[in-house]
Amino acid sequence: MNSPITLSVNGRLHKLASAPTTPLLDVLRGPLQLRGSRFGCGLEQCGACKVLIDGVPAYSCTREIGTLQGCSVLTVESLGSVENPHPIQQAFIDEQAGQCGYCLSGILMSAKALLDRNPSPTREDVITALDPHLCRCGTHGRIIRAVLLAAARLRKEATV
């Protein structure tokens, strides 16, 4: 029998009876019913499963929950809602940056991490931050524009 593991996900504590070697993605999509993070490859190759762990983008498909005691996990569900989207989400909508949307949860979280640490990124900064992500729909140009638009909007909010 496994000792319960307590995880902080999106600001809420969850006590889980899962094995410490269970991938975080399995816990998010299973017991926690947070379906925004996606299983793409299981090999840290596509970024569809990326979440923020203590503010840093991380692959949830391979990260074992036993390594996360005391860490803060944020998923795409933490950003905003349909009624009140986060500025990053709104910029992606405005730029029509998603087609199928499968990759977007991971991209949104990496974009959030970038903008949290660098509110004025260059195009090259955005490209570097999103390099680990695969988008098979080929909307990279729109994704980059959306992140830069979100940065501009967030800077404007900060000055108001």
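Our subject is the structure listed above.
The structure contained in this document is the topic of the report that follows. (Residues numbered from 1 in each chain as written. Predicted model: local features only at pLDDT ≥ 70, side-chain atom pairs only at ≥ 80, totals over all residues. Heavy atoms only, no water.)

This next bit is on the packing of aromatic side chains. For the structure on display, the rule yields zero aromatic pairs. The aromatic ring of tyrosine 102 is capped on one face by arginine 38, whose charged end is 5.4 Å from the ring centroid. Between the NZ or CZ atom of lysine 50 and the centre of the ring of tyrosine 59, over which it lies, the distance is 4.4 Å. (Phe/Tyr/Trp six-rings, centres within 6.5 Å; stacked < 30°, edge-to-face > 60°. Lys NZ or Arg CZ within 6 Å of the ring centre and 35° of its normal.)

Let us look at the pairing of strand β3 (residues 50-53). Residues Lys50 and Leu52 line one face of β3 and the alternating positions Val51 and Ile53 line the opposite face, and both faces are buried. Pairing of β3 with strand β4 (residues 56-59), which is carried by four bridges, proceeds in the antiparallel orientation. Along β4, the bridge assignment pairs valine 51 with alanine 58. Between β3 and the antiparallel strand that follows it, β4, lie two residues; aspartate 54 among them carries a positive phi value of about 50°. Sheet topology places β3 next to strand β5 (residues 72-74); two bridges connect them, and they run antiparallel. Across the sheet, the residue bridging to isoleucine 53 is valine 73, located in β5. (Buried < 20%, exposed > 50% of the residue type's maximum accessible area, 1.4 Å probe, protein only. Helix = DSSP H or I, 4+ residues; strand = E, 2+ residues; numbered from the N terminus. Pairing = 2+ DSSP bridges.)

Here five strands make up an open sheet; going across it, the order is β2-β1-β5-β3-β4 and the pairing mixed. On the outer flanks of this sheet lie β2 (12-16) and β4, each paired with one strand and no other. Taken pair by pair, the neighbouring strands of this sheet meet at an average axis angle of 40°, ignoring direction. Where strand β1 (residues 5-9) and β2 come together, five bridges link them in antiparallel fashion. (Axes fitted to C-alpha atoms, helices over the stretch in contact; angles between N-to-C directions.)

The end-to-end C-alpha distance of helix α3 (residues 104-117) is 20 Å, a good match for the 20 Å that 14 residues give at a rise of 1.5 Å each. Of all 14 residues in α3, twelve are buried, a share of seventy percent or more. Within the sequence span of α3, burial applies to Leu104, Ser105, Gly106, Ile107, Leu108, Met109, Ser110, Ala111, Lys112, Ala113, Leu114 and Leu115. (Expected span 1.5 Å × (residues − 1).)

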